[in-house]
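Descriptive structure summary
Residues per chain are reported as follows:
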Number of protein chains: 2
Amino acid sequence: MPAINPDRLLADLKELRSIGAVETGVVRPALSEKDMEARRWLAKKFEAAGLSASIDGVGNVYGRSPKPGPALLIGSHSDTQPRGGWLDGALGVIYGLEIARAMAEDPATAGLAVDVVSWQDEEGTYMSCLGSRSWCDTLDPEAEKAARNGSAGMSLTEAIAKAGLTDVPRQTIEKDRYLGYLEAHIEQGAYLEEGGLNIGVVTGIVAIRAMRFRFHGEQNHAGTTTMKRRKDAATALFEVAHRINQEFPKVAGERTVWTMGRLSVQPGAPSIVPGYAELDLQFRDTDESILDKFEALAAEIANDVGKGKVRVEVERSRTPVKASFMDAGFQKHIAGAAEATAPGKWQSMPSAAGHDPMVICEKLPCAMLFIPSIGGISHDFAEDSHESDIVLGCRVLADAAASILQERRNA
Amino acid sequence: MPAINPDRLLADLKELRSIGAVETGVVRPALSEKDMEARRWLAKKFEAAGLSASIDGVGNVYGRSPKPGPALLIGSHSDTQPRGGWLDGALGVIYGLEIARAMAEDPATAGLAVDVVSWQDEEGTYMSCLGSRSWCDTLDPEAEKAARNGSAGMSLTEAIAKAGLTDVPRQTIEKDRYLGYLEAHIEQGAYLEEGGLNIGVVTGIVAIRAMRFRFHGEQNHAGTTTMKRRKDAATALFEVAHRINQEFPKVAGERTVWTMGRLSVQPGAPSIVPGYAELDLQFRDTDESILDKFEALAAEIANDVGKGKVRVEVERSRTPVKASFMDAGFQKHIAGAAEATAPGKWQSMPSAAGHDPMVICEKLPCAMLFIPSIGGISHDFAEDSHESDIVLGCRVLADAAASILQERRNA
């Protein structure tokens, strides 16, 4: 098994952290100056590791092994949230780099091909998973044209021009080269920490659906309009929201989540009976049958409450994200490596957040490995993981990658 | 009894409506050019009616009878909401004018003193009941200095200067002159219309209290944060709001109202578990003991829900408006006049909206008369009343005023 170098791994992670560092976090949104600086730094690191480096027309950074395939592609993304943590994305990219180096240094694995990648804009500054979509050739040209960064007031096309990438070719998947894609990531939740575990072997990525309720009441004077006469849009909203929180637990699975994170009440004055209201509901699970039941329940509750004085509409408010499943064979390799390195300290688990493998698994077998997030915190400057977990995770992924490639060579 | 002139009454109301008319409504907010134009028009009308007219330093318009007291002051306000109806305020002012004229024309009542007034800014463009507060000498100088019209970006001081009133003296109450103050108004609700009635004899004006709930949870990722781990501020808000709507009806009186018209959930994104939320609750009744019970219930519910994972705070969010009560003797005169003119077609009732008598009743006996609002609509361009109701209301108030003044003369 290849021997990863913990000091080199941690030093590179910290050096990458310094590009766009703000307080304890990192501000390196896709295609920003700091993001491009980090990508140029990565390309140099890839070259130094003996890989052939390039940055393509959307900003994906590749490090291609000189070894012939079949290869594994290992990586993640180096762009961040507007106020991001230092490990979200960066961890998986530097794991790829360190694994390529460790493999090349060990005569037993030096012949195996590991390519490394940092995808562009996984976080959706312009369009979520922009880089992996481009590589998989599943990027919708209309959606690309429409993509904008609201807070910077810039279109994706303008941002690509500003980064000097307009005339740079975009690389797409070489299917014959790859056995598959591996990505390590911080968990961003607290299951591992709460379970006293060090490694999560990801089984799949949850499906996400969302619905929007619209409440059509009648705006009126909050003094002179009797309770009986009112058609209060907020009252109907409260009833729907409360019933969702009462009814959903009855059909939810252990890991199902639902959120009502956005709502509005019009006109929004203490002395006016609200005439209109909106409520957004989002729910996630890998088991789509639970989400089907949620949708049916939401429609039933809307229909019930809508029999009162306020008309209630409900509809899907985003294109559903289907559940995606990680390759069963790859999972066995990761689980085997985890059990060998940290016996009894790992578990299989779904990912409740979206990641590039959601896109890539339509084209290639994928697998993901999680390491614990301290306090389950992410998308925040406070995001962190213990160094021992960072090192352990890289060791397990390196062993799994070697084991996958060796199995193929021996087949 | 004095004979009011229906054609003259309606013609004056319509002429006043034309000043600031927009579609079917009126836009004449306090101290605007249209408001001051209407006040100058009123002053001319008062003079033509044999009254001595003046506009004081806040814009109150007085028409003083040449007859010695004891007098009745009759009126309302001629300023409007930003998009106001044509009768809110205007009705009561033109009633005062018509009653003064009718009294003077009838030898039996020509010796009685009726002064007429249009108060400034009842609607609170700068400060609600500005004019009556100024007249009662209960205007807080600090509050006056701070008063601003948010939408026009102008302070009250600037608006008074722009209207040319800075150096005009402010008139204050001559207590010895007045038996009391009478005001007619549209109901702004639908009790009279629903009951098939023409006249409401106002018993009092409701007390108003308001509370603000603050929910302190923990912002988090809507995918990776399990339901069990969440401290969802919106979920706690929904529970409090729902329980209020369940519990309040158990202690409410027939006319109690409560409203949750403003709320916010932070950061307000579909994919983020809300970390903070606010909810405003307002409630009104003439019976303060019911409002006491509501306050206790709100505190109890906040305390209960706050035992969960989200910390809940609740506090009074505005200075409570105390219930104010109309003079019992005046009410008898209005009821007697109503019964004589429209037998069985009147009722005693509280006002659920605020009016200048709320301020004036601290200094003088007050009474109010309501006429029906079509569909209960007000503070809207669609506000209207039937002409027959407008005429009947003026007749009843004229008879009541004569009866009050005659009773005093005969005493």
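Nothing here was measured: the structure is a model prediction, and the numbers come from that model.

Conventions and cut-offs
- Residues numbered from 1 in each chain as written.
- Chains lettered and ligands numbered in written order.
- Predicted model: local features only at pLDDT ≥ 70, side-chain atom pairs only at ≥ 80, totals over all residues.
- Heavy atoms only, no water.
- Least-squares fit on C-alpha atoms with pLDDT ≥ 70 in both.
- Contact = heavy atoms within 4.5 Å.
- Buried < 20%, exposed > 50% of the residue type's maximum accessible area, 1.4 Å probe, protein only.
- Helix = DSSP H or I, 4+ residues; strand = E, 2+ residues; numbered from the N terminus.
- Pairing = 2+ DSSP bridges.
- Lys, Arg positive; Asp, Glu negative; His and termini not counted.
- Salt bridge = Lys/Arg side-chain N within 4 Å of Asp/Glu carboxyl O.
- Polar contact = N/O pair within 3.5 Å; in protein donor to acceptor, adjacent residues only side chain to side chain.
- Axes fitted to C-alpha atoms, helices over the stretch in contact; angles between N-to-C directions.
- Parallel < 35°, antiparallel > 145°, perpendicular 65-115°, else oblique.
- Left-handed = near helix turned anticlockwise from the far one by under 90°.
- Core = buried A, V, L, I, M, F, W, Y, C linked by side-chain atoms within 4.5 Å.
- Right-handed = clockwise from strand over helix to strand, strands pointing away.
- UniProt positions renumbered as here; feature names shortened; annotations may be inferred.

Okay, the relation of the copies chain B and chain A next. These two copies of the chain differ by a rotation about an axis and a displacement along the same axis. Superposing chain B onto chain A takes a rotation of 180° plus a shift of 0.1 Å along the axis, which leaves an RMSD of 0.1 Å. What the rotation and shift describe, once combined, is the action of a two-fold rotation axis. The C-alpha atom lying nearest the rotation axis in chain B is that of phenylalanine 238 of chain B; the distance is 2.8 Å. Interface overlap between copies: 98% of the residues of chain B at the interface are likewise at the interface in chain A, consistent with a symmetric, same-surface contact.

Turning our eyes to something else, we now look at the pairing of strand β19 (residues 366-371) of chain B. All names here are of chain B. Here β19 lies mainly inside the structure; 6 of its 6 residues are buried. The alternating pattern of β19 places Cys366, Met368 and Phe370 and Ala367, Leu369 and Ile371 on opposite faces, both of which are buried. Relative to β19, strand β9 (residues 178-186) runs parallel, the two being bridged by 6 bridges. Residue pairing in the sheet places alanine 184 in a bridge with leucine 369 of β19. The sheet contact formed by strand β10 (residues 199-205) and β19 spans 2 bridges and is antiparallel. Note that in β19 the partner of glycine 200 across the bridge is phenylalanine 370.

What follows covers the side chain of glutamate 383 of chain A. Residues and elements named next belong to chain A. The topology assignment puts glutamate 383 in the loop between β19 (366-371) and α12 (387-410). Buried within the structure, glutamate 383 lacks any salt-bridge partner; arginine 17 is the closest side chain of opposite charge, at an N-O distance of 8.3 Å. A distance of 2.9 Å separates a polar atom in the side chain of glutamate 383 from the backbone nitrogen of leucine 87. Within the local environment of glutamate 383, its side chain forms a polar contact with the backbone nitrogen of aspartate 88, the two atoms lying 2.9 Å apart. Ignoring sequence-local partners within four residues, the contact set of glutamate 383 consists of Gly85, Trp86, Leu87, Asp88, Ile186, Ile377 and Ser378.

The subject of this paragraph is the packing of helix α3 (residues 90-105) of chain B against helix α12 (residues 387-410) of chain B. Residues and elements named next belong to chain B. Contact geometry of α3 with α12 gives a least axis separation of 10 Å together with a crossing angle of 55°. Here α3 lies oblique to α12, going by the angle between them. Where α3 crosses over α12, the handedness of that crossing is right-handed. Facing Leu91, Tyr95, Glu98, Ile99 and Met103 of α3, the residues of α12 in contact are Asp389, Ile390, Gly393, Cys394, Leu397, Ala398, Ala401, Ala402 and Leu405.

Residues and elements named next belong to chain B. If you trace the 4 strands from one edge of the open sheet to the other, you get β13-β15-β11-β16, paired in antiparallel fashion. Across the chains shown, the open sheet's two edge strands, defined by having one partner strand only, are β13 (257-266) and β16 (311-316). Taking the axes of each pair of neighbouring strands and ignoring which way they run, one obtains an average angle of 15° across the sheet. Both strand β11 (residues 207-216) and β16 contribute to a ladder of 6 bridges, which runs antiparallel.

Let us look at the nonpolar core. The tendency in soluble globular proteins is for nonpolar side chains to be buried side by side. Core analysis: the biggest nonpolar cluster contains 64 residues, and Phe215 of chain A together with Phe215 of chain B have the highest contact counts within it. In this structure, phenylalanine 215 of chain A is in contact with Ala233, Ala236, Leu237, Val240, Gly275, Tyr276, Ala277, Glu278, Leu279, Val310, Arg311 and Val312 of chain A, ignoring residues within four places of it in sequence.

What follows deals with the pairing of strand β6 (residues 113-119) of chain B. All names here are of chain B. Taken across its 7 residues, β6 has 7 buried, putting it largely inside the fold. Alternating residues of β6 divide into Ala113, Asp115, Val117 and Trp119 and Val114, Val116 and Ser118, and every residue in both groups is buried. Inspection of the sheet shows strand β4 (residues 61-64) paired to β6 by 3 bridges, in the antiparallel sense. Each residue of the ladder has a partner; that of valine 61, found in β6, is serine 118. As judged from the 7 bridges shared by strand β5 (residues 71-77) and β6, these two strands associate in the parallel manner. Looking across to β6, one finds that serine 76 is bridged to serine 118. Each parallel crossover has a hand, and the one from β5 via α3 to β6 is right-handed.

Attention now moves to the UniProt feature "binding site: Zn(2+) 2" (unreviewed entry) in chain A. Mapped onto this numbering, the UniProt entry gives "binding site: Zn(2+) 2" (unreviewed entry) at Asp88, Glu123 and His379 of chain A. In summary, the annotated positions, though distributed over 292 residues, converge in three dimensions, the widest C-alpha pair being only 9.9 Å. The residue aspartate 88 of chain A is located in the loop between β5 (71-77) and α3 (90-105) in this model. The residues touching aspartate 88 of chain A, leaving out its near neighbours within four places in the chain, are His77, Asp79, Glu123, His185, Ile186, Gln188, His379 and Glu383 of chain A. A polar side-chain atom of aspartate 88 of chain A sits 3.3 Å from a polar atom in the side chain of histidine 77 of chain A. Mapped onto the fold, histidine 379 of chain A is located in the loop between β19 and α12. Those residues in contact with histidine 379 of chain A that lie beyond four places of it in its chain are Gln81, Arg83, Asp88, Glu123 and Gln188 of chain A together with His221 of chain B. Here the side chain of histidine 379 of chain A touches glutamine 188 of chain A through a polar contact of 3.5 Å, side chain to side chain.

Residue and element names in this part refer to chain A. Within this structure's numbering, the places UniProt gives as "binding site: Zn(2+) 1" (unreviewed entry) are His77, Asp88 and His185. In terms of the greatest pairwise C-alpha distance, the residues named above, spread along 109 residues, form a tight cluster of at most 9.8 Å across. In contact with histidine 77, not counting residues within four places along its chain, are Asp88, Gly89, Ala90, Val93, Ser118, Trp119, Glu122, Glu123, His185 and Asp356.

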